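A structural walkthrough
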Amino acid sequence: MTMEGLQSSLWIGKKKHWTTLCAKCLSWTPMDRQNRKNKDKSRVVPVSEVVAVQEGIMEFLPYRKVQVSERDFTVLFVQRSGHSPRWTLGRRVFSAPSRDLRELWVSALRTCLQQHIRCRPQRLLVFINPFGGRGHGRKIYQSQVSPLFELAGISTHVLETERANHARDHILKKDLSGFDGLVCVGGDGMFSELMHGLIGRTQQEAGISENDPSATLEPCSLRIGIIPAGSTDCVCFATVGVNDPVTSALHIIIGDSQPLDVCSVHHRDQLMRYSVSLVGYGFYGDVLEESDRHRWMGPVRYDYSGQRAR
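Description of the structure in this document. For every chain, the first residue of the written sequence is number 1, and numbering continues from 1 onward in sequence order. In keeping with the model being predicted, local features are shown solely for residues with a pLDDT of at least 70 and side-chain atom pairs are shown and tallied solely at 80 or more, while totals for entire chains, interfaces and linings include all residues. As a rule here, side-chain values cover all heavy atoms of the structure and leave hydrogens and water aside.

**Some thoughts on the overall build of the protein**
Starting at the N terminus, helices and strands are each numbered in turn, a helix being any DSSP run of H or I of at least four residues and a strand any DSSP run of E of at least two. Of the regular secondary structure elements, the protein holds 8 helices and 15 strands. Here the C-alpha coordinates of the protein stretch approximately 75 × 45 × 35 Å along the principal axes. For the exposure calls, accessible area comes from a 1.4 Å probe over protein chains only, and a residue counts as buried if that area is under 20% of its type's maximum, exposed if over 50%, partly exposed in between. Burial status across the protein gives 42% buried among its 310 residues. The criterion used for residue contact is that any of the two residues' heavy atoms lie within 4.5 Å. The long-range share in the protein, meaning contacts at least 24 apart out of those at least 6 apart in sequence, stands at 59%. As displayed, the protein offers around 17500 Å² of accessible surface, 49% of which is attributable to carbon and sulfur atoms. Measuring between centres, the 39 positive side-chain charges of the protein sit 9 Å from its 32 negative side-chain charges. Where accessible areas are quoted, they stem from the Shrake-Rupley method and a 1.4 Å probe; at the residue level, only the protein chains shown are allowed to cover. Counting rule applied: Lys, Arg positive; Asp, Glu negative; His and chain ends not counted. Charge positions are represented by NZ for Lys, CZ for Arg, CG for Asp and CD for Glu.

Take a look at the structure:
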């Protein structure tokens, strides 16, 4: 691989493609029998959105398996769909004329990926709320998210919460060294727990009183990833644009981040709550309090509780 990148003809299925790799992108263009390139059908994938490179032919769905092959390699990447915010895992199997060329491509791709490693999480602390939404948090994580994290080489420590504020208390009291991110699998309430715990922990370590409304808070060094598994998932929708676990997992894998403004509410020099979505009281608070008694109903509990709280 030179400073200009790597270029060669590779096969995708039964079609020859002129394939190019540079520091920023991987592209492939179909060629006809006279080796003329059809640039209208070129495909470009940013290296920053490549999830994994595997020797051989890798199948990921419905389960992961690799077929050994001396000339093939598989690239898995973020696949976008037009203007939709929903992402899926794209896959292309390339075939090289020789094993040596295959090895050159795999090595070059992994070298390019190393440039983005520092922006990506390597070890995550995952909190799952098994009671949120319709109670599908564990299943969503195990079937849709965990395989993607494993594919991307991300190690995880998973904790299922057993009570309200379990995640917040864990973050406030336990050793978080060695983790470069937190992930909540749940709804807005679960995200709120992680946010309160992380902001509180950061201020404690910085010697800043959260009860002082005039204090400038210390920014948090860890980031929070959200896997939607709640009833409404408003924060996830506001940051990613869609409530889809695979989309959120891929954003986490490639190191995407979205800064959020945080509002604090104080009363008589006492911190009441942080918020990134909305702060409400009166009727809205009554609806939320009532809806908490009917979680078994799923999202419809908000309509039901709204009628009862009138």
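Next comes the rest of the write-up.
**Describing helix α1 (residues 99-117)**
Its 19 residues place the ends of α1 27 Å apart at the C-alpha level, agreeing with the 27 Å of an ideal helix rising 1.5 Å per residue. Within α1 the residues assigned to the buried category are Leu 101, Arg 102, Trp 105, Val 106, Ala 108, Leu 109, Cys 112 and Leu 113. Within α1, the buried residues cover an arc of 165 degrees as seen down the axis, which keeps them to one side. For α1, exposure combined with an orientation more than 90 degrees from the buried face picks out Asp 100 and Gln 114. Packing partners of the buried residues in α1 comprise β1 (6-12), β2 (15-21), β3 (25-30), β5 (50-55) and β8 (72-81). Expected span, for any helix, means 1.5 Å times one less than how many residues it has. Note: the arc covers the axis-to-C-beta directions of the helix.

**Things to note about the nonpolar core**
Each nonpolar core is a collection of buried residues, namely Ala, Val, Leu, Ile, Met, Phe, Trp, Tyr and Cys, held together in the definition by side-chain atoms within 4.5 Å. Membership of the largest hydrophobic core comes to 27 residues, with the highest contact counts inside it found for Leu 89, Phe 149, Leu 151, Val 185, Ile 227, Leu 250 and Ile 253. Broken down by secondary-structure element, the contributors of at least two residues to this core are β5, β8, β9 (84-95), β10 (123-128), α2 (137-151), β12 (182-186) and α6 (245-253). When residues in this core are grouped by element, the largest group, 6 residues, is from α2. Listed in part, the 22 residues of the second largest apolar core include Phe 73, Leu 101, Trp 105 and Leu 109.

**Digging into the pattern of salt bridges**
The salt bridge definition used is simple: a Lys or Arg side-chain nitrogen within 4 Å of an Asp or Glu carboxyl oxygen. By the definition in use, this model includes 11 salt bridges. The residue Glu 59 makes a salt bridge to Arg 91 at a minimum N-O spacing of 3.3 Å. Here Arg 91 lies in strand β9 and Glu 59 lies in strand β6 (residues 57-59), a separation of 32 residues in the sequence. Arg 91 sits in the partly exposed class, given a relative accessible area of 30%. A salt bridge links Arg 99 to Glu 70; its shortest N-O distance comes to 3.8 Å. Separated by 29 residues along the polypeptide, Arg 99 in helix α1 and Glu 70 in the loop between β7 (65-67) and β8 bring together distant segments of the chain. Salt bridges sharing common partners tie together Arg 163, Arg 168 and Asp 169.

**With respect to the pairing of β12**
Within a regular strand, the side chains alternate between the two sheet faces. Summarising burial for β12: 5 of the 5 residues are buried, a large majority. Burial along β12 is two-sided: the face carrying Leu 182, Cys 184 and Gly 186 and the face carrying Val 183 and Val 185 are both buried. Of the pairings in the sheet, the one linking β10 to β12 comprises 4 bridges and is parallel in character. Paired with Val 126 across the bridge in β12 is Val 183. A pair of strands is labelled paired if DSSP reports no fewer than 2 bridges between them. Inspection of the sheet shows β12 paired to strand β13 (residues 224-228) by 5 bridges, in the parallel sense. Bridged to Val 183 within β13 is Gly 225.

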